[in-house]
Amino acid sequence: MFFEIDKVLISREEIARRVRELAGELAHELAVELRKEGENLSGEGRVVLVPIMTGAMIFTADLIREMPIKLSLGLVAVSSYPGESVSSRGARLKSELPDNLAGKHVVIIDDILDSGQTLDLAYRAIREQGAASVRVCVLLSKQVERVVDFKPDYVGFEIPDEFVVGYGLDYNGYYRNYPEIASLKPTAIADR
Ligand code: 5GP
Ligand code: MG
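As a starting point, this report considers the structure included with it. What you see is a predicted model, and the numbers here were worked out from it, not measured in a lab.

1. Thoughts on the site of ligand 1
Okay, so step 1: In the region of ligand 1, 17 residues are neighbours, and Ser115, Gly116, Thr118, Val164 and Asp170 sit closest.
Okay, so step 2: Here Gly116 contributes a backbone N or O atom positioned 2.7 Å from an oxygen atom of ligand 1.
Okay, so step 3: Val164 is positioned with one of its backbone polar atoms (N or O) 2.7 Å from a nitrogen atom of ligand 1.
Okay, so step 4: Expressed as a share of its isolated accessible area of 500 Å², the protein-covered part of ligand 1 is 94%.
Okay, so step 5: Secondary-structure elements contributing two or more residues to the shell around ligand 1 are strand 6 (105-113) and helix 3 (117-128).
Okay, so step 6: Class assignment of the residues belonging to the shell around ligand 1 gives a composition of five nonpolar, six polar and six charged.

2. Topic: unusual backbone geometry
Okay, so step 1: The omega torsion of the bond from Met53 to Thr54 falls at 0°, within 30 degrees of zero and hence cis.
Okay, so step 2: Residue placement: Thr54 occurs in the loop between strand 2 (47-53) and helix 2 (57-64).
Okay, so step 3: Non-glycine residue Tyr167 carries a positive phi angle of around 50°.
Okay, so step 4: By the secondary structure assignment, Tyr167 is in the loop between strand 9 (164-165) and strand 10 (181-184).
Okay, so step 5: The class for Tyr167 is buried, based on a relative accessible area of 7%.
Okay, so step 6: At Asn172, a position not held by glycine, the phi torsion is positive, near 55°.
Okay, so step 7: Relative to the assigned elements, Asn172 resides in the loop between strand 9 and strand 10.
Okay, so step 8: With relative accessibility at 33%, the residue Asn172 sits in the partly exposed group.

About the criteria used
Residues numbered from 1 in each chain as written. Chains lettered and ligands numbered in written order. Predicted model: local features only at pLDDT ≥ 70, side-chain atom pairs only at ≥ 80, totals over all residues. Heavy atoms only, no water. Near = heavy atom within 4 Å. Polar contact = N/O pair within 3.5 Å; in protein donor to acceptor, adjacent residues only side chain to side chain. Areas by Shrake-Rupley, 256 points an atom, 1.4 Å probe, with all protein chains shown as cover. Helix = DSSP H or I, 4+ residues; strand = E, 2+ residues; numbered from the N terminus. Nonpolar A, V, L, I, M, F, W, Y, C, P; charged D, E, K, R; others polar. Buried < 20%, exposed > 50% of the residue type's maximum accessible area, 1.4 Å probe, protein only.

See the structure below:
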């Protein structure tokens, strides 16, 4: 079992409620954007959600099922917390970007904003592809001084500067399936 979990910061009920709110706001804003361009929502699929793998997987799965609009997914992998590290080692693209983003309304989804390097990298790369609009939605934002001053459009929760796992977030590949956002016991963390 999850013996190394210390305390729960955000419960599954709180996460579910906030994810529904975020999905509602996002879907509404995208619908307005498409309508401005005179597009029918059931028409051409111009909305692409780009989850940053692997941390954003569970958040994205829940979020998109609360968004009643036509959309597609384009995954991208960025590495910044390799292996047993619990602080950023600088962001690096580990996969190609989806290659059909020109003219699309893109929403980048990530689990957590920390130093800002991951989202800054993804944002710039997607802008360069000529997306019609780029929005950024993160479940968690750590209250820290950022290495890169990055401002996401949507934030689920602000959290203190603590290493967290669960709901997609891992430590050394584990705990992604823990259903709540939680901290780990200090004894469970190798590089402390
Ligand atoms: P940044 O590039 O903003 O420093 O970090 C963002 C990425 O680092 C996230 O996509 C996530 O993969 C990882 N990360 C940052 N903080 C945490 C944390 O507290 N726990 C876990 N598991 N991953 C984190
Ligand atoms: Mg990540």
